[in-house]
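As a plain string of letters, each chain reads:
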Amino acid sequence: MTASRRAVLFGALAVGATAVTVAAGGCSQDDPPVSIAAGEPDGFYIEFANLLRPLLHAQVVPTLGSVQNIRSVSAGTADLGLALADALDAAQKGSPAFGQPVRLYALGRVYENYMQLVVRADSPVRGVADLVGRAVSLGANGSGAALFGERLFATAGVTLGQARHLSLKDAVGALRDDMIDAMLWSGGVPTEVLAQADRERGIRLLELGAYVPELRRRYGRYYNEVALPAGTYRAAGAVHTVGVPNLLVAGADCPDRVVRNTVRVLVEHAGQLVPKQARGTQYLDVGNLINTEPLHPAAADTYRALRG
């Protein structure tokens, strides 16, 4: 969302916009459960969704990640879903991963996800270019990492010997057993499964920050160069990688009541919505939550009311 659009959103109060009446705190116990399409076990998405669950009286649905979540919300099999901003953009435009364009709205930008391209600590691979002809897990089918991985290697001009699509745990096991040379994961830091692999054998993260300008030129503004906090994993110093905003999304038919309750929970219970993996950037305040588009109209109304 541009600065001018944010100014219009908040400035509406000054010209007599009517505040929205929002029920206090989350959903009523009498409401039907809200379903949240989340992510893989041990991942950032499902941890965040499980923190939301008691506040929204929600059901958390494990999935493989952003692409599957967008499909579920679009099909109406989930009320809410977590998705990377680049995946949502691809879905809205229409792409091979989604087919025809879908119509979804963001309820807020909640966190920054970190793309983590992982190799063993003793690997001879020192950069993305060294992965030519090698086996790499790009993330599970249906994940945002898999979508990003294809873009990353196309941008880098690197042809892999084998592109695999493994779940987080399977990829860590394959890396440990020398069945793959690297694995890509999108999530918070530190991801506990990776931290455990680091303690047991040792891992390194490859630098990705230099690819951000070309990724943005080819695919859009959703990619940011971010520094992984020193000590995230034992060998990680000032590793620069790619950050992608993480959005909570809903379908066009999601009831306004659900949207308003969810937005209120995001703002008023922000302190309870910090996963262990959230060492990096959090966006759980009104000014940052609205910094995305397309923002659901009922969400925009609720942010106006809360801002006032």
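Given the structure is predicted, the values throughout are model-derived calculations rather than measurements.

**Q** So what exactly am I meant to see when it comes to the pairing of strand E7 (residues 182-187) here?
**A** Burial within E7 is extensive, with six of its six residues counted as buried. Judged by which residues are buried, E7 turns out to be covered on both faces: Ala182, Leu184 and Ser186 on one side and Met183, Trp185 and Gly187 on the other are all buried. Pairing between strand E4 (residues 104-120) and E7: five bridges, direction antiparallel. Across the sheet, residue methionine 115 finds its bridge partner in E7, namely serine 186. Bridge analysis of strand E5 (residues 135-137) against E7 gives two bridges, and the strand direction is parallel. What sits directly across from valine 136, in E7, is alanine 182.

**Q** Explain unusual backbone geometry here, please?
**A** Negative phi is the rule for most residues except glycine; trans is the rule for most peptide bonds. With an omega dihedral of -5 degrees, the bond running from valine 189 to proline 190 counts as a cis peptide bond. Of the consecutive residues glutamate 293 and proline 294, the connecting peptide bond is found in the cis state with omega at -5 degrees. Within the secondary structure, proline 294 is located in the loop between helix H10 (286-289) and helix H11 (297-307). One non-glycine residue with positive phi stands out, namely aspartate 42, at about 75 degrees. Along the chain, aspartate 42 falls in the loop between strand E1 (34-37) and helix H2 (44-56). Residue histidine 57 is not a glycine yet carries a positive backbone phi of 50 degrees. Residue histidine 57 is classed as partly exposed on the basis of its relative accessible area, which comes to 27%.

**Q** Quick question: what am I supposed to make of the packing of H2 against helix H9 (residues 256-268) here?
**A** Between two packed helices, the angle of one axis relative to the other and the distance separating the axes together describe the packing. The contact between H2 and H9 brings their axes to 11 Å, and the two run at 115 degrees. In terms of crossing hand, the pair formed by H2 and H9 is right-handed. On the side of H2, the interface is formed by Phe48, Leu52, Leu55 and Leu56, while H9 contributes Asn261, Thr262, Val265 and Leu266. Among the residues forming the contact of H2 with H9, the class breakdown is six nonpolar, two polar and no charged.

**Q** For this particular structure, what's the right way to read the pairing of E4?
**A** Of all the 17 residues making up E4, 17 are buried; the element is thus mostly covered by neighbouring parts of the structure. In terms of strand pairing, E4 meets strand E10 (residues 240-251) through nine bridges, oriented antiparallel. Bridge pairing in E10 places arginine 109 opposite leucine 247. The pairing of E4 with strand E8 (residues 203-205) spans three bridges and is antiparallel. Of the residues in E8, the one forming a bridge with arginine 120 is isoleucine 203.

**Q** I'm lost on the packing of aromatic side chains in this one. Help?
**A** Aromatic ring pairs: the centre-centre distance and the angle between the two ring planes describe each pair. Inspection of the entire model under this criterion finds three aromatic pairs. Their ring planes at 80 degrees and their centres at 5.1 Å tell us that phenylalanine 44 and tyrosine 111 sit as a pair that is edge-to-face. You can see phenylalanine 44 sitting in helix H2 and its partner tyrosine 111 sitting in strand E4, a full 67 residues away along the chain. By relative accessible area, which is 2% here, phenylalanine 44 ends up buried.

Reading the values: rules and limits
Residues numbered from 1 in each chain as written. Predicted model: local features only at pLDDT ≥ 70, side-chain atom pairs only at ≥ 80, totals over all residues. Heavy atoms only, no water. Buried < 20%, exposed > 50% of the residue type's maximum accessible area, 1.4 Å probe, protein only. Helix = DSSP H or I, 4+ residues; strand = E, 2+ residues; numbered from the N terminus. Pairing = 2+ DSSP bridges. Axes fitted to C-alpha atoms, helices over the stretch in contact; angles between N-to-C directions. Left-handed = near helix turned anticlockwise from the far one by under 90°. Contact = heavy atoms within 4.5 Å. Nonpolar A, V, L, I, M, F, W, Y, C, P; charged D, E, K, R; others polar. Phe/Tyr/Trp six-rings, centres within 6.5 Å; stacked < 30°, edge-to-face > 60°.

Read these as layout, nothing more, since geometry by itself doesn't imply function.
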